[in-house]
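Chains, contacts and geometry: an overview
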Amino acid sequence: MESSVPSDELYPIAVLIDELKHDDVSLRLAAIERLSTIALALGPERTRSELIPFLEESLDDEDEVLTVLAEQLGNFVLYVGGNQYAHVLLPPLESFAGVEEPLVRDKAVESLNKIADEMTEVQVEEYYLPLVKNLTTADWFTSKVSVTGLYSSVYQKVGAESRAGLRQLFGQLVYDDAPMVRRAAATHLTGLVSHIDKDTVVTDVVPFFLYLAQDDQDSVRLLTVDVLIATAGVLGPDLVREHLLEQLKKLFADKSWRVRYMVADRFEQLAVTVAAGDEVVLKTHFVPAMVRLLKDSEAEVRTVIAKQVPGFCQLVDRESVLDEILPCIEDLVNDPSQHVRAALATKISGLAPILGKDLTIKYLLPMFLQMLKDEFPEVRLNIICKLEQVNNVIGIDLLSQSLLPAITQLAQDKQWRVRLAIIEYIPLLASQLGMEFFDTQLRDLCMTWLHDNVYSIRDAATENLKNLTKVFGVAWSKATIIPKVIEAGANPNYLYRMTACVAATTLAPVVTIDVIKDDLLPFLNNLVGDPIPNIRFSVARSYQTVQKLLLEKAAESEYDSDAMDASTPAPTEEDTKAKEERVAEVKEIIRNVIVPNLEKLKEDEDVDVRFFANKTLQAIG
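This write-up is about the structure you can find in this document. (Residues numbered from 1 in each chain as written. Predicted model: local features only at pLDDT ≥ 70, side-chain atom pairs only at ≥ 80, totals over all residues. Heavy atoms only, no water.)

Observations regarding the packing of helix 17 (residues 245-252) against helix 20 (residues 279-294)
Going by this rule: Between the N-to-C directions of two axes lies an angle of 0 to 180 degrees, each axis being a line fitted to C-alpha atoms and, for a helix, fitted only over the stretch in contact. Secondary structure elements are defined from DSSP: runs of H or I of at least 4 residues count as helices, runs of E of at least 2 residues count as strands, and each element is numbered from the N terminus. The labels follow the angle: roughly parallel below 35 degrees, roughly antiparallel above 145, roughly perpendicular from 65 to 115, and oblique for the rest. Handedness of a crossing is defined here by the sense of rotation of the near helix relative to the far one, left-handed for an anticlockwise turn of less than a right angle and right-handed for a clockwise turn. Residue contacts are counted whenever heavy atoms from the two residues lie within 4.5 Å of one another. Gly is put with the polar residues, along with every residue not named as nonpolar or charged; the nonpolar set is Ala, Val, Leu, Ile, Met, Phe, Trp, Tyr, Cys and Pro, and the charged set is Asp, Glu, Lys and Arg.
At a minimum axis distance of 10 Å, the contact between helix 17 and helix 20 shows a crossing angle of 15 degrees. Classed by the angle they form, the pair helix 17 and helix 20 counts as roughly parallel. For the pair helix 17 and helix 20, the sense of crossing is left-handed. Facing Leu245, Leu248, Lys249 and Phe252 of helix 17, the residues of helix 20 in contact are His285, Phe286, Ala289, Arg292 and Leu293. Split into classes, the residues belonging to the contact of helix 17 with helix 20 amount to 6 nonpolar, 1 polar and 2 charged.

Printed below as a string of structure tokens:
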């Protein structure tokens, strides 16, 4: 009597079959993900003759299982014996391309495109083109939607006669009754255009574009904007104006805001590809279109066109900018939609290099001042972050005189994110204003941020002091900043003392070893006995940073980092001896000052203080 137990040779496929039929979806998914292992066990011949047919019969499953299976099959060419057998993978994927679930179809299309890349021209002609035709002429829209994504990859792999047939088939999709199919055709026509020669684009693709651009569904029309850009890239300026310009003018004024939104979003790109530098076309067609879109009734359209203004203004003459576009920009500064104003604030500074100093002062500076006072925080934030472009044009003197009062006001804004943006901008502003101006106008403001109610502001303020030290130097920091930090360490409010401790630790990497020894370390020592446990464990953590920096700076001979430059000569024997003495001195400080304080904190009543003290002692060794 023959045994019913499968042989070792048949066992892998038997296990797979059992798991694929299991009620548990997770087991079926796991089985699909192991398909490559099973295929290796079976070998190419049995994978082609047994595994692939079996998978074709397993199409009635959960969508998540089919999605994984469709993705796996795209990497299966190697397992079926190489590209000469790639066609055996097409039937199951053809079925997947027609299912209802979009995720499954998308993965099937992705895998079919991968397989097309592996196939030879003969294979494509014999096996792939019939698949494309079957899907294109299928009754159900799902297959037609999927097949639109296959034309681009297969078109470049076939001969002239087959290409003509593919264009004809694609035309059926363009003229299909179902809007979903036309949408898919419009989406993928963009990729197909790049593989078609100029003459054929005029005869075949332009009619497709014109038909889709006049579709009664706005979801189809809006997709033709990208088709127009791709087509213009192939045709060149003269043919574009002959065949596409009139339809583009209709898109500019489309009745659907969604279409106008897409046109606005691609406006600069359209101007570059269609006008191609022709000033007459820009002034006659694009400038009026820009003005119309800037005044559009829909806030979404105005928002997106506002972001296109600087790029487009670089293409047109200054007269058009001043006479036609700038008045619209002035209106947008007062736009009822905060999103429009915020979008404008991110880009309006880009007009400064285009207009030049005098016109920027006359036209843009009043707009900046107004937007800096906008009630919506994001508008103010976006203006602040882009001031550098304006500074490069009009100079820091004028910028500081006109904008500094507004910036000072924003530094005390009730929205903490606005205050945070100001803090992040301060080092750049400081480097441009200079030390004297900064000390008189902004230094005290920077110190007040250390006492802010919001932690993120206090944290950013300590980092700001570090960055300012990099800008103005250690001597300035020692004379101006560090005394204020030490003073805050004696404040009755524990948060002030905590922030001062963090500030001292943050400053340590950018100051000299003398400043650490003479100023920062004694300050930390004074906080060892603070009544608040949080401050004591913060000191314990700071000691770890400080002792490490002392050793590093002593070893690097960085007594005065301001005096170091690229021309510093190589160290002499005396320098080496001096360095050794400094390292020894630092080790003595660590041994006689830091370690005893940590030993004291190690016996602290608070568990967190003891933990960090022990951790730092272990780091010191």
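The structure having been displayed, the exposition proceeds.
What to know about the nonpolar core
As a reminder, the rule being used: We call a set of buried residues a nonpolar core when its members are Ala, Val, Leu, Ile, Met, Phe, Trp, Tyr or Cys and they connect through side-chain atoms within 4.5 Å of each other. Only protein chains enter the accessibility calculation, which uses a 1.4 Å probe; a residue whose area is less than 20% of its type maximum is buried, one above 50% is exposed, and one in between is partly exposed.
The biggest cluster of nonpolar side chains holds 214 residues, and the ones touching the most others in it are Phe76, Tyr128, Phe267, Phe286, Phe312, Ile348 and Trp449. In contact with Ile348, not counting residues within four places along its chain, are Ile329, Leu364, Met367, Phe368, Met371 and Ile383.

A closer look at the packing of aromatic side chains
The following threshold applies: Aromatic pairs are defined between Phe, Tyr and Trp rings, using the six-membered ring for Trp, whenever the two ring centres lie within 6.5 Å; interplanar angles under 30 degrees are classed as stacked, those over 60 as edge-to-face, and all others as tilted. Two conditions define a charge sitting above a ring: the NZ of Lys or the CZ of Arg must be within 6 Å of the ring centre, and it must be within 35 degrees of the ring normal.
As enumerated under the stated definition, the model contains 16 aromatic pairs in all. Geometrically, the ring pair formed by Tyr175 and Tyr211 is edge-to-face, given 4.6 Å between the ring centres and 80 degrees between the ring planes. Here Tyr175, found in the loop between helix 11 (160-174) and helix 12 (179-193), pairs with Tyr211, found in helix 13 (residues 198-213); they are 36 residues apart in sequence, far enough to count as distant. Exposure remark for Tyr175: the relative accessible area of 37% places this residue in the partly exposed category. We classify Tyr211 as partly exposed; its relative accessible area is 37%. A ring pair is formed by Phe611 and Phe612, whose centres lie 5.1 Å apart and whose planes are at 80 degrees; its orientation type is edge-to-face. Assessed through its relative accessible area of 49%, Phe611 is described here as partly exposed. Taking the relative accessible area as the measure of exposure, Phe612 reaches 17% and is therefore buried. Arg48 extends its terminal NZ or CZ atom over the ring of Tyr85, reaching a point 3.7 Å from the ring centre.

Details of a negative patch on the surface
To keep things clear, this is the line we draw: Residues form patches when they are more than 30% accessible in relative terms and have no salt bridge. Like charges link within 9 Å. Nonpolar side chains (Val, Leu, Ile, Met, Phe, Trp, Tyr) link within 5 Å. Working definition of accessibility: Shrake-Rupley area with a 1.4 Å probe, residue cover restricted to the visible protein chains. A pairing counts as a salt bridge when a side-chain nitrogen of Lys or Arg comes within 4 Å of a carboxyl oxygen of Asp or Glu. We count Lys and Arg on the positive side and Asp and Glu on the negative side, and we leave His and both chain ends out. We put the charge of a Lys on NZ, of an Arg on CZ, of an Asp on CG and of a Glu on CD.
Where like charges cluster on the molecular surface, the negative patch consists of Glu62, Asp63, Glu64 and Glu100. Relative to the helices and strands, Asp63 is located in helix 5 (residues 63-73). The exposure class of Asp63 is partly exposed, given its relative accessible area of 36%.

Observations concerning helix 19 (residues 267-275)
Applicable threshold: As used here, the arc is the angular range of directions from the helix axis to the C-beta atoms.
By the burial criterion, the buried members of helix 19 are Phe267, Leu270, Ala271, Val274 and Ala275. Each buried residue of helix 19 sits inside an arc of 100 degrees when the element is viewed along its axis, so together they form one side.

Some points on the pattern of salt bridges
Summed over all chains, the structure comprises 24 salt bridges. Between Asp216 and Arg182 there is a salt bridge, and its shortest N-O distance comes to 3.6 Å. With Asp216 in the loop between helix 13 and helix 14 (218-221) and Arg182 in helix 12, this pair connects stretches of sequence that are 34 residues apart. On the accessibility criterion, Asp216 (63% relative accessible area) is exposed. According to the relative accessible area criterion, Arg182 is buried, its value standing at 7%.

Considering helix 2 (residues 25-33)
Within helix 2 the residues assigned to the buried category are Arg28, Leu29, Ala31 and Ile32. Buried positions in helix 2, seen along its axis, are confined to an arc of 160 degrees and lie on one side of it.

Considerations on the environment of Ile486
In this structure, Ile486 sits in helix 34 (residues 474-488). Setting aside its immediate chain neighbours within four residues, Ile486 contacts Asp519 and Phe523.

Comments concerning the side chain of Arg105
Its location among the elements puts Arg105 in helix 7 (residues 102-118). Here Arg105 sits buried without a salt bridge, and the closest side chain of opposite charge, Asp106, lies 5.8 Å off (N-O distance). Residues contacting Arg105, with those up to four places away along its chain left out, are Phe96, Ala97, Val99, Glu100, Thr142, Val145 and Ser146.

Thoughts on the side chain of Asp176
Put simply, the rule is: Polar contact is defined as a pair of N or O atoms within 3.5 Å, subject to the rule that within protein one atom must be able to donate a hydrogen and the other to accept it, and that residues adjacent in sequence are counted only when both atoms are side-chain atoms.
You can see Asp176 is positioned in the loop between helix 11 and helix 12. Overall, Asp176 belongs to the buried group, its relative accessible area being 13%. Within the structure, the side chain of Asp176 is placed 2.8 Å from the backbone nitrogen of Ala178, a separation counted as a polar contact. Aside from chain neighbours lying at most four places away, what touches Asp176 is Lys144, Val181 and Arg182.

Quick word on the packing of helix 5 against helix 7
At a minimum axis separation of 8 Å, helix 5 and helix 7 run at an interaxial angle of 10 degrees. In this view, helix 5 runs roughly parallel relative to helix 7, as classed from their interaxial angle. Where helix 5 abuts helix 7, its residues Asp63, Leu66, Thr67, Ala70, Glu71 and Leu73 lie against Leu103, Val104, Lys107, Ala108, Ser111 and Ile115. Of the residues in the contact of helix 5 with helix 7, the class split is 7 nonpolar, 2 polar and 3 charged.

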